[in-house]
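# Commentary on secondary and tertiary structure
As a plain string of letters, each chain reads:
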Amino acid sequence: MQKISALILSDEISTNEVLKLFISEYDNIDLLESSKNYTEILDILSNTIGKSVFIVDLSNNKQEKLDLILKISQQCPDCSILALSDNPSVDLIIKIMRAGAKEFIPVPIIKNEFIEALNKLIYKFNEPKRNNKCKIISVFSNKGGIGKTSLASNLALELAKITKENVALIDLNFQMGDITTFLDLKPSFNISYMLENIDKINETFLLSTLERYKNTNLYVLADPPYFKQADNIQPKQITRLFNTLKDTFSYIIVDAEASFDGKNIAALDNSDVIFLVTVANLPALRNTQRCLELFEKLGYDKDKAKIIVNRYMENDEIKDTDVEKVLSRPIYWKIPNNYFAIMSAINKGVPVSVSNPTTNVAQSYKDLAQNLTDNLYKQNMVQKFENILNNQ
Ligand SMILES: Nc1ncnc2c1ncn2[C@@H]1O[C@H](COP(=O)(O)OP(=O)(O)O)[C@@H](O)[C@H]1O
Ligand SMILES: [Mg+2]
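Every chain is numbered independently, its residues counted from 1 as its sequence is written. Chains and ligands are labelled sequentially in the order written, the chains with letters from A and the ligands with numbers from 1. Per-residue local features are limited, in this predicted model, to residues with pLDDT of at least 70; the limit for side-chain atom pairs, both in listing and counting, is 80 or more; totals at the level of whole chains, interfaces and linings are taken over all residues. To get the side-chain values, take all heavy atoms of the structure and skip hydrogens and water.

Next up on the list: the overall build of the chain. Helix and strand labels come from DSSP, where a helix needs a run of H or I of at least four residues and a strand needs a run of E of at least two; each type is numbered from the N terminus. Counting its secondary structure elements, the chain contains 18 helices and 13 strands. On the principal axes, the C-alpha backbone points of the chain span a range of 70 × 50 × 40 Å. Think of it in three bands: with a 1.4 Å probe and only protein chains considered, a residue is buried below 20% of the maximum accessible area for its type, exposed above 50%, and partly exposed in between. Taking all 392 residues of the chain together, the buried fraction comes to 53%. For the chain, the proportion of contacts with a sequence separation of at least 24, taken over those separated by at least 6, is 75%. Using a 1.4 Å probe, accessible areas were evaluated by the Shrake-Rupley method; residue-level cover was limited to the displayed protein chains. For the chain, the exposed area adds up to about 19500 Å²; of that, 49% sits on carbon and sulfur atoms. We call two residues contacting when some pair of their heavy atoms lies within 4.5 Å.

Okay, here's the thing in structure tokens:
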């Protein structure tokens, strides 16, 4: 059995004793001598050979211990962190997990909960790293010219910058994709190539074939340059492609086509979220209504489609409340109207965050990405720790 080292940090003597007792039941865990000095703890864990577990009680000195968790998770790749607190809240758990802890249990410690959390950590040591938390977000409208490509490309780039995780941006506008123009890319490979080679695809293949945007974590999968290539693509191949990309990317952003074609519906079916883009005028709102009706027929959850009002102006004749009334849905996000900033970015072939970073529209894309990651993270945490939080 693989030997594991463990180090405990708690200001409560009784918590320390209980933890030591439970750990003594594991034959393969060596308990390391702990310290009150955080720099020393970091030193010990950095110099430990093999896998280790750091068990830290945040009932006191929260902030200092959060800083320590962050340092350990950055500097000790072989150490997994189990956090404890006598006062868990969604906010605290989120902070702890963001800092890099893998598991959390409340104090007073219940033996089964502790054993379960510790076993999960130990089990993960032997598991290959898999990314099953990928979120697929499609940007959709059944009309062109509404702002989909601008939103999809800027959102994908902001997500890559904020999360530092791998983000894929896929152009599903098979006949007239714009992403390569918007980002000034000349990719060597496109979606047809990817589908022809789907059996060979693994992480290395993906990261070397997809076009990386400058030195970011954004990878672009462009539309095929020839119409004929697009004709051969089947809806089920789109599903297969997404399933393959899921292991490598944390987010897949789809610039969907303005149609109800089978390939496009396959993309929407596979999405966790659909950003349904509209503008505050009557024809656009009617179209958006039709999309919502179709989504209902397709059996999508009411939450799946989120309304984004593009080119928003406060003095618009049609107000927010009117939009919400017509669509019977809340507006999820408003992107301000800024024709000058958007056009100058498109004409330069750079994202608006590069050409005009201080504009309202650049800020709006950035805030949307931040809001999205915060919400998804919160949802995950609440799901994961539902029992603990419900018992508060
Ligand atoms: N927030 C915005 N403010 C002003 N104009 C915008 C905005 N977003 C998009 N546009 C305009 O709409 C046009 C279409 O945008 P685009 O992203 O290509 O839409 P789609 O992909 O839906 O066809 C752009 O050329 C730009 O002129
Ligand atoms: Mg477009």
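Following the structure, the description resumes.
This paragraph deals with the domain arrangement of the chain. Where each domain begins and ends follows an automated or database-derived domain assignment. Looking at the chain, the domain boundaries give domain 1 (4–127) and domain 2 (135–382). Computed over C-alpha atoms, the centres of domain 1 and domain 2 are 39 Å apart. Taken together, the contacts link six residues of domain 1 with six residues of domain 2. Here domain 1 packs against domain 2, burying approximately 520 Å² in sum over the two surfaces, 68% of which is carbon and sulfur. Two parts placed together each lose some accessible area; with a 1.4 Å probe, that loss summed over both constitutes the buried area.

We now examine the sheet that holds strand 13 (residues 331–336). Paired through their backbone hydrogen bonds, the strands of a sheet run either parallel or antiparallel. Two strands are counted as paired when DSSP detects at least two bridges linking them. If you walk across this open sheet you meet the eight strands as 8-9-7-10-6-11-12-13, and the pairing is mixed. Both outer strands of the open sheet, strand 8 (211–212) and strand 13, are each paired with one neighbouring strand and no more. Note: strand 6 (residues 135–140) against strand 10 (residues 251–255), five bridges, orientation parallel. Bridge pairing links valine 139 to aspartate 255 in strand 10. For helices, the fitted axis covers only the stretch in contact; all axes are lines through C-alpha atoms, and the angles between them, taken along N-to-C directions, range from 0 to 180 degrees. On top of the sheet, helix 11 (residues 235–246) reaches strand 6, strand 7 (167–171), strand 9 (218–221) and strand 10; it is set at about 150 degrees to strand 10, its chief contact. Strands in contact with helix 14 (residues 320–327) are strand 12 (305–312) and strand 13; relative to strand 13, the strand with the most contacts, it is inclined by about 135 degrees.

In this section: the pattern of salt bridges. One side-chain nitrogen of Lys or Arg within 4 Å of one carboxyl oxygen of Asp or Glu is enough to make a salt bridge. The full count for this structure, using the stated rule, is 15 salt bridges. Between lysine 161 and glutamate 158 there is a salt bridge, and its shortest N-O distance comes to 3.6 Å. Of this pair, lysine 161 and glutamate 158 both sit in helix 6 (residues 148–163), three residues apart, which is roughly one turn of the helix. Assessed through its relative accessible area of 39%, lysine 161 is described here as partly exposed.

Looking now at unusual backbone geometry. Both trends apply: most residues other than glycine have a negative phi, and most peptide bonds are in trans. Here the residue pair valine 107 and proline 108 is connected by a cis peptide bond, since its omega of 5 degrees sits within 30 degrees of zero. Structurally, the position occupied by proline 108 is in the loop between strand 5 (103–106) and helix 5 (111–125). For lysine 164, which is not glycine, the phi torsion reads 60 degrees and is therefore positive. Inspection of the secondary structure assignment puts lysine 164 in the loop between helix 6 and strand 7. Looking at lysine 164, the relative accessible area reads 62%, which means it is exposed. One non-glycine residue, aspartate 184, lies in positive phi territory at about 50 degrees. Structurally, aspartate 184 is set in the loop between helix 7 (179–182) and helix 8 (191–196).

Ring geometry is summarised as follows: Phe, Tyr and Trp rings, the Trp one being its six-membered ring, pair when their centres sit within 6.5 Å, and such pairs are stacked at plane angles under 30 degrees, edge-to-face over 60 and tilted between the two. One pass over the structure, following the stated rule, counts nine aromatic pairs. Between tyrosine 193 and phenylalanine 205, the aromatic rings sit 6.3 Å apart at their centres with planes inclined by 5 degrees, giving stacked as the arrangement. Here tyrosine 193, found in helix 8, pairs with phenylalanine 205, found in helix 9 (residues 203–209); they are 12 residues apart in sequence, far enough to count as distant. Take tyrosine 193: its relative accessible area is 28%, and that puts it in the partly exposed class. Members of the aromatic cluster, joined through ring pairs, are Phe140, Phe260, Phe295 and Tyr300. Any Lys NZ or Arg CZ found within 6 Å of a ring centre and within 35 degrees of that ring's normal is scored as a charge over the ring. Its end group placed over the ring of tyrosine 377, arginine 98 keeps NZ or CZ at 4.1 Å from the ring centre. Here lysine 334 stacks its cationic end above the ring of tyrosine 312, 4.7 Å away from the centre of that ring.

For the rest of this paragraph, the subject is the site of ligand 1. Note on definitions. A residue lies near a molecule or strand when any single heavy atom of the residue is within 4 Å of it. The immediate surroundings of ligand 1 are formed by 19 residues, with Gly145, Gly147, Thr149, Ser150 and Asn338 found nearest. Backbone polar atom of lysine 148 to an oxygen atom of ligand 1: 2.9 Å apart, as the coordinates give it. Considered on its own, ligand 1 offers 560 Å² of accessible surface; in the complex 88% of this is hidden by protein. Elements represented by at least two residues in the shell around ligand 1 include exactly helix 6, strand 12, strand 13 and helix 15 (339–348). Tallying contributions element by element places helix 15 first for the shell around ligand 1, with four residues. Side-chain classes follow a simple rule in which Ala, Val, Leu, Ile, Met, Phe, Trp, Tyr, Cys and Pro form the nonpolar group, Asp, Glu, Lys and Arg form the charged group, and the remainder, Gly included, forms the polar group. Considered class by class, the residues forming the shell around ligand 1 number nine nonpolar, eight polar and two charged. Throughout this description, a polar contact denotes any pair of N or O atoms lying within 3.5 Å of each other; where both atoms belong to protein, one of them has to be capable of donating a hydrogen while the other can accept it, and for residues adjacent in sequence the pair is counted only when both atoms sit in side chains.

Along any regular strand the residues' side chains alternate between the sheet's two faces. Of all six residues making up strand 3 (residues 52–57), six are buried, and the element is well covered by its neighbours. Alternating residues of strand 3 divide into Ser52, Phe54 and Val56 and Val53, Ile55 and Asp57, and every residue in both groups is buried. Where strand 3 lies against strand 4 (residues 79–85), six bridges are found, and the strand directions are parallel. Bridge pairing in strand 4 links valine 56 to alanine 83.

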